[in-house]
Amino acid sequence: MYDVIVVGARCAGAPTAMLLARADYRVLLLEKARFPLDTLSSHYIHQPGVALLSKWELLDAVIATGCPPLERVTYHAPGIVLRGCSPAVDGQRVGYAPRRFRLDPILAAAAVEAGVEFREGATVTQLLREDSRVAGVRWRTPDGAEHSERAALVVGADGMRSTVARLAEARTVVEHPCATCTYYSYWEGLPAEFELYERPGRWVGVIPTNDDRTLVMAYFPQHEFAHVRVAAEASFDKAVRSTAPQLHERMASARRAERLYGTGDQRNYFRQAAGDGWVLVGDAVHHKDSIAARGITDAFLQAEMLTGHIGAKLHDRAALTLALRRYARDLDDRFFDFYRSTLTVAELRLPENRTALFRVIADDQELVDQYFGTLSGACSLDDFYNERLLDRVAAAR
């Protein structure tokens, strides 16, 4: 019998398990993959996520992988260039973009060091129940053996296609259609910083990562996915050349080090966060288009939020139920504005109100940094988009 079983050991599950174990709970962590294993990702960790890595005493391990600090972001749109950096969060002002086959094992190892029992190659097949309450899980190992364990709480941290969410019959409470599709790869010998390029219908991101490689991602409207997927190489090249011609020239002198990766399955939703004996965290509870690169940071924030709400209440059913309700409420309060703003960017329209905003703030470094702070989460949207700024934008249009 465990106190908690966490299903999924990546950026949401491993920190959740670690924090619960540090709170002296007995935790079982199940992961269907075997680490190290890469996964589709934009890699970037915003300043609030970096601050949590520091708080958890894991930032040095991430830095030790050779992942370069990203001290500035440059945004390009037709006639507009913004250069700056989000304000610091708890003393952390730089971002990092580690490869997932480097980051995820660090998180899992930290969970094990905290006392978590970690089992890889475990595919969950069933939620165990006592009356209507979830009371454990059954899983299968690669050799076909079936195992089961019970716990006071089952945490689903198993991603966008969450098995726990499906078996718990978690409702989808907010949902929007997929907005973009994306293709990306990695280049060696490509000098770059954190760079973003936008024009109507296209978005390109450039992020230095581990092993002296640079990630280049191209985004397309979802309605183009059927065409893009059958001509991915040509579509990717054309998108970069037309959106970021100087970047395209630099890439011509570099070497592509890996194949092209891509997806058209970037869902946008909030699911029911919790029920009797179960709770969801990370992409299992909330997912949005990767164009904002918020998945890792949001997973860290949600792990910290969930475990903070649980505290010492795990074995008091009434208190735990109230804690999980508060967690669900705080998810909406903290992440819904990010969700809406991400969907707006993912439309790939570059509307006049955004370009007017950029023209207004371009010569004011403090405002540029605050704008990037709204993307990282260091600055609230309400504080940035105040009446004085909106009046200036209206006058500029």
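Here's what I pulled together on the structure shown here. In this text, all values refer to a predicted model and were calculated from it rather than measured experimentally. (Residues numbered from 1 in each chain as written. Predicted model: local features only at pLDDT ≥ 70, side-chain atom pairs only at ≥ 80, totals over all residues. Heavy atoms only, no water.)

## Some details on the packing of helix H11 (residues 352-361) against helix H12 (residues 365-376)
Viewed as axis vectors pointing N to C, H11 and H12 meet at an angle of 140 degrees, and their least axial separation amounts to 8 Å. In terms of their interaxial angle, H11 and H12 are classed as oblique. Taken together, the residues of H12 that come into contact with H11 (itself represented by Arg354, Leu357, Phe358 and Ile361) are Leu367, Val368 and Tyr371. Counted by class, the contact of H11 with H12 contains six nonpolar, no polar and one charged residues. (Axes fitted to C-alpha atoms, helices over the stretch in contact; angles between N-to-C directions. Helix = DSSP H or I, 4+ residues; strand = E, 2+ residues; numbered from the N terminus. Parallel < 35°, antiparallel > 145°, perpendicular 65-115°, else oblique. Contact = heavy atoms within 4.5 Å. Nonpolar A, V, L, I, M, F, W, Y, C, P; charged D, E, K, R; others polar.)

## A closer look at the sheet that holds strand E16 (residues 268-271)
Spatially, E9-E16-E19 is the arrangement adopted by the three strands of the open sheet, whose pairing is antiparallel. Of all the strands in the sheet, just strand E9 (172-176) and strand E19 (286-287) have a single pairing partner and so form its edges. Across two bridges, the pairing between E16 and E19 is antiparallel. Of the residues in E19, the one forming a bridge with Phe270 is His286. Sheet strands touched by helix H10 (residues 317-346): E9, E16 and E19. Its angle to E16, the strand with the most contacts, is close to 165 degrees. (Pairing = 2+ DSSP bridges.)

## Notes on the pairing of strand E10 (residues 180-188)
In terms of residue burial, E10 counts as a mostly covered element, since eight of its nine residues are buried. Here E10 pairs with strand E15 (residues 261-263) via three bridges, running antiparallel. Opposite Thr182, over in E15, you have Thr263 as the bridge partner. Note: E10 against strand E14 (residues 255-256), two bridges, orientation antiparallel. Bridge pairing links Trp187 to Arg256 in E14. (Buried < 20%, exposed > 50% of the residue type's maximum accessible area, 1.4 Å probe, protein only.)

## Points about the packing of aromatic side chains
If you walk through the whole model with that rule in mind, you get 16 aromatic pairs. Judged by centre distance (5.7 Å) and plane angle (55 degrees), the ring pair of Tyr371 and Phe372 falls under tilted. Put simply, the rings of Tyr75, Trp203, Phe358, Tyr371, Phe372, Phe384 and Tyr385 touch in pairs and so form one group of aromatic residues. Across from the ring centre of Tyr2, 4.0 Å away, lies the NZ or CZ of Arg26, which sits over that ring. (Phe/Tyr/Trp six-rings, centres within 6.5 Å; stacked < 30°, edge-to-face > 60°. Lys NZ or Arg CZ within 6 Å of the ring centre and 35° of its normal.)

## Section: helix H8 (residues 245-252)
Side chains of residues three or four places apart in an α-helix project in the same direction, reflecting 3.6 residues per turn. Those residues of H8 that fall on the buried side of the exposure criterion are Leu247, His248 and Met251. Taken around the axis of H8, the buried residues stretch over an arc of 100 degrees, which confines them to a single face. Those residues of H8 that are exposed and aimed more than 90 degrees away from the buried face are Gln246, Glu249 and Ala252. The secondary structure elements touched by the buried residues of H8 are E10, strand E11 (194-199), strand E12 (202-208), strand E13 (213-221) and helix H7 (232-243). (Arc of directions from axis to C-beta.)

## Focus: H10
Look at H10: 41 Å from first C-alpha to last across 30 residues, which is about the 44 Å you get at 1.5 Å a residue. Where H10 bends most, at Phe335, the angle is about 45 degrees. For H10, the complete set of buried residues consists of Leu320, Ala323, Leu324, Tyr327, Leu331, Phe335, Phe338, Tyr339, Thr342, Leu343, Val345 and Ala346. Leu348 lies just past H10 and shows a positive phi near 55 degrees. (Expected span 1.5 Å × (residues − 1). Bend = angle between axes of the 7 residues up to and from the residue.)

## Considerations on the pattern of salt bridges
Within this structure, the stated rule accounts for 28 salt bridges. For Arg100, the salt bridge goes to Asp104, with nearest N and O atoms at 2.9 Å. Residue Arg100 and its partner Asp104 are located together in helix H4 (residues 100-113), separated by four residues, close to a single helical turn. Here Asp104 falls in the buried class, since its relative accessible area comes to 0%. One salt bridge in this structure joins Glu130 and Arg150, with 3.4 Å as the shortest N-O distance. Of this pair, Glu130 sits in strand E6 (residues 123-130) while Arg150 sits in strand E8 (residues 146-156), and the two are 20 residues apart along the sequence. Under the relative-accessibility criterion, Arg150 is labelled partly exposed at 35%. (Salt bridge = Lys/Arg side-chain N within 4 Å of Asp/Glu carboxyl O.)

## Concerning the nonpolar core
Generally speaking, soluble globular proteins have nonpolar side chains that are buried together. Counting 79 residues, the largest nonpolar core has Val27, Leu53, Val137, Leu153, Phe300, Ile310 and Tyr327 as the members making the most contacts within it. If you tally residues by element for this core, the top one is H10, at eight residues. When residues no more than four places from it in sequence are discounted, the contact partners of Leu153 are Asp3, Val4, Ile5, Gly277, Trp278, Val279, Ile310, Leu314, Leu320 and Leu324. Residues Ala77, Tyr184, Tyr261 and Ala346 belong to the second largest nonpolar core, which totals 36 residues. (Core = buried A, V, L, I, M, F, W, Y, C linked by side-chain atoms within 4.5 Å.)

## Let's talk about the pairing of E16
Along E16, one buried face is formed by Asn268 and Phe270 and the opposite face, lined by Tyr269 and Arg271, is buried too. Note: E9 against E16, four bridges, orientation antiparallel. Bridge pairing in E16 places His176 opposite Asn268.

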